[in-house]
Amino acid sequence: PPGTLFFLSETAPTSAYSSPARSLGDTGITPLSPSHIVNDTDSNVSEQQSFLVVVAIDFGTTSSGYAYSFTKEPECIHVMRRWEGGDPGVSNQKTPTTILLTPERKFHSFGYAARDFYHDLDPNEAKQWLYLEKFKMKLHTTGDLTMDTDLTAANGKKVKALEIFAYALQYFKEQALKELSDQAGSEFENSDVRWVITVPAIWKQPAKQFMRQAAYQAGLASPENSEQLIIALEPEAASIYCRKLRLHQMIELSSKAAVNGYSGSDTVGAGFTQAKEHIRRNRQSRTFLVENVIGEIWSELEEGDKYVVVDSGGGTVDLTVHQIRLPEGHLKELYKATGGPYGSLGVDYEFENLLCKIFGEDFIEQFKIKRPAAWVDLMIAFESRKRAAAPDRTNPLNITLPFSFIDYYKKFRGHSVEHALRKSNVDFVKWSSQGMLRMSPDAMNALFKPTIDSIIEHLRDLFQKPEVSTVKFLFLVGGFAEAPLLQQAVQAAFGDKCRIIIPQDVGLTILKGAVLFGLDPAVIKVRRSPLTYGVGVLNRYVEGKHPPEKLLVKDGTRWCTDVFDKFISADQSVALGELVKRSYTPAKPSQLVIVINIYSSEHDDVSFITDPGVKKCGTLRLDLTGTSGTAVPARREIQTLMQFGDTEIKATAIDIATSKSVKVGIDFLNY
């Protein structure tokens, strides 16, 4: 029988969960009806949008950019203006994710501008300035992310992560609004824009919420107007764009089918030559036409077909499995996003390890702190050589060592860089008389190996899963997907299982998909819940079933405390906008307040809120005063709703008698 149910009040100290007796009694409620799921289509995500333009920001680990489309002509996607100051050997539709603050911690510059300015500072002055790069990974690697999490600048000083992310987003906001105003010939207001920010799907909820907070701080949207900002998942955005691809817009790696008249083994080589040519021609144009068609590749897909999107960027690799739902070609997420920190940064770490092996870790650590700008230079030189690595390369790759590296090393060690290279036992790396490190192709490939191995390993695990066994296509997207070594490895491992496809402007795939998502957010229909959600309740104590330490006797009734009452399980399919409803009633007619605590867990076999891994992530506090004693019905209904949508989840409690309601967004940062 549905027993009475108490919610623990907020005043209970967390440590007292195992004996919560003192906090009970005043907030108890009882279930009224079995829970049911309501698909509330009218309150669905399609609020009438009155935005003139959608701007998507791809805030990447190594590089960032934005693209936009006017809602009146959604088939045109414009990629941002060219940025000043590019690098040799790197194509610049995006700008490096680097930020510079003055010694007073005020925003100074972003991207190439930040890098170049920092580089030109006098070394002693540079130590005062705060320069940050590749800081997005911190959100992925910090287990207990909060609004106060710090980042460390190149000079070792700490700054608040939230502030840095907000500065960066504000910079993009200003750049985009300026470009839009120039294009339109009149001032563009922020309120005309729907913003989309992409985040890795494997990020935990706190990191996704953190991005939203940073965007509010940057003024892109506000909590009151939260639907002006959509947080999109990177592989989903890529997936949306891949649906639109025509054959001439992609390169097929698999030898299974002939493409454009090439067949078999020459496909890969020829495909790339063609692609490079195509990219060269297209680089001048910043406007991409997305034909309003379902691309050819897609027309071969039938209802129920599955495909994997492998999004490999600078910091992380995200794997998502989608399935087609016809007729509209809506996407359904089949398997919860997996992946890990196996982005191209891994290759940079390996290069750094190599330098430590040759020159000593003590020297490299000191050099980074004492000559931070020269270190940045060295990494830029490495970046452009890294892009020249290819499976069939035979000639060595030369990396210029900055003069201050050579100079500082001699001061530090008392012997030359050349000497260090000679006596180090690192094969394949030699000193060339022009002052360069000369790396054999094998040495370069070895730097890629750990990262690529992790990606392949992860894909292998994914292909073992029954839901993934019959995948037709594998789309390789993201900046790291441009690496021929990764392409070859994926091809070698999975070419016989499915067709492997790379969109041509692979680094911009996510950006364009995010714009399409902003124009039509309803295209993704079903997601997998990454967590199990529920509320903490009391049930009638059942001898033999409930553990004795959970027994609580109150007014002669025996209760089992700390029960986790599930709303939705991890990995359950959740339709966008889906509502899960529960009805409760206060246990005591005289009660003046009820408090509902919401909990989450990564496991789905949760019984008690005290189980390991269960975290509190929301509180609904409903004030029951304000009705005179007579008018209140004998069984007063309190409805609790959780709406699973976007990357946000909203919970509401409604007192049916008074129509009073309280709403809360699930919060992973402040509990």
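It should be emphasised that the depicted structure is a prediction, and the values quoted were computed from it without experimental measurement. (Residues numbered from 1 in each chain as written. Predicted model: local features only at pLDDT ≥ 70, side-chain atom pairs only at ≥ 80, totals over all residues. Heavy atoms only, no water.)

Caption draft 1: Spotlight on the overall build of the protein chain. If you tally the helices and strands in the protein chain, you get 16 helices and 34 strands. With 671 residues in all, the protein chain has 56% of them scored as buried. Total accessible area on the protein chain is roughly 28,300 Å²; 50% of this is exposed by carbon and sulfur atoms. (Helix = DSSP H or I, 4+ residues; strand = E, 2+ residues; numbered from the N terminus. Buried < 20%, exposed > 50% of the residue type's maximum accessible area, 1.4 Å probe, protein only. Areas by Shrake-Rupley, 256 points an atom, 1.4 Å probe, with all protein chains shown as cover.)

Caption draft 2: Expanded view of the pattern of salt bridges. This model, assessed by the stated rule, comprises 14 salt bridges. In this structure, Asp348 and Lys386 form a salt bridge, with 2.8 Å as the shortest nitrogen-oxygen distance. Taken as a pair, Asp348 in helix 9 (residues 345-359) and Lys386 in helix 11 (residues 372-386) lie far apart in primary sequence, 38 residues in all. Judged by its relative accessible area of 7%, Lys386 is buried. Here Asp623 makes a salt bridge to Lys660, at a shortest N to O gap of 3.9 Å. Residue Asp623 is located in strand 31 (residues 615-623), and its partner Lys660 is located in strand 34 (residues 660-665); the two are separated by 37 residues in the primary sequence. Judged by relative accessible area, Asp623 falls into the partly exposed class, the value being 38%. Given a relative accessible area of 32%, Lys660 falls into the partly exposed group. (Salt bridge = Lys/Arg side-chain N within 4 Å of Asp/Glu carboxyl O.)

Caption draft 3: A look at the packing of aromatic side chains. Using the criterion set out here, one finds 30 aromatic pairs in the structure. Measuring from centroid to centroid gives 6.3 Å for Tyr66 and Phe172, while their planes differ by 80 degrees, and the two rings are edge-to-face. Highlighted residues: Tyr66 in strand 4 (residues 63-70) and Phe172 in helix 4 (residues 161-184), separated in sequence by 106 residues. Phe172 gets classed as buried once you look at its relative accessible area, which sits at 0%. For the ring pair Phe351 and Phe382, a centre distance of 4.0 Å and an interplane angle of 0 degrees mean the geometry is stacked. (Phe/Tyr/Trp six-rings, centres within 6.5 Å; stacked < 30°, edge-to-face > 60°.)

Caption draft 4: Inspection of the pairing of strand 5 (residues 76-79) at higher detail. Residues Cys76 and His78 line one face of strand 5 and the alternating positions Ile77 and Val79 line the opposite face, and both faces are buried. Bridge analysis of strand 4 against strand 5 gives two bridges, and the strand direction is antiparallel. When the sheet's bridge partners are listed, Tyr68 is paired in strand 5 with His78. (Pairing = 2+ DSSP bridges.)

Caption draft 5: Quick peek at unusual backbone geometry. Even without being a glycine, Lys134 presents a positive backbone phi close to 50 degrees. Looking at the element boundaries, Lys134 is found in the loop between strand 9 (130-133) and helix 3 (137-141). Backbone geometry places Asp562, a non-glycine residue, at a positive phi of 65 degrees. You can see Asp562 is positioned in strand 27 (residues 557-568).

Caption draft 6: Inspection of the sheet that holds strand 9 at higher detail. Across the sheet, three strands lie side by side as 8-7-9; this open sheet has antiparallel pairing. One side of each edge strand has no neighbouring strand; the edge strands of this open sheet are strand 8 (107-110) and strand 9. The average angle at which neighbouring strand axes cross in this sheet is 20 degrees, direction not considered. Relative to strand 9, strand 7 (residues 98-101) is paired through four bridges, and the arrangement is antiparallel. Residue pairing across strands places Ile99 opposite Leu132, the latter belonging to strand 9. (Axes fitted to C-alpha atoms, helices over the stretch in contact; angles between N-to-C directions.)

Caption draft 7: Layout of the environment of His415. Following the sequence through the fold, His415 ends up in the loop between helix 12 (403-413) and helix 13 (417-423). Excluding residues that lie within four positions of it along the chain, His415 makes contacts with Tyr409, Lys410, Ala420 and Lys423. A polar contact of 3.0 Å, which involves the side chain of His415, links it to the side chain of Tyr409. (Contact = heavy atoms within 4.5 Å. Polar contact = N/O pair within 3.5 Å; in protein donor to acceptor, adjacent residues only side chain to side chain.)

Caption draft 8: Local environment of the nonpolar core. With 81 residues, the main nonpolar core has Val55, Phe165 and Leu169 as its most contacted residues. The contact partners of Leu169, leaving out residues within four places of it in the chain, are Ile57, Phe59, Ile197, Met211, Ala214, Ala215, Ala218 and Leu220. Grouped together as the second largest cluster of nonpolar side chains are 61 residues, Phe367, Met379, Tyr408 and Leu476 included. (Core = buried A, V, L, I, M, F, W, Y, C linked by side-chain atoms within 4.5 Å.)

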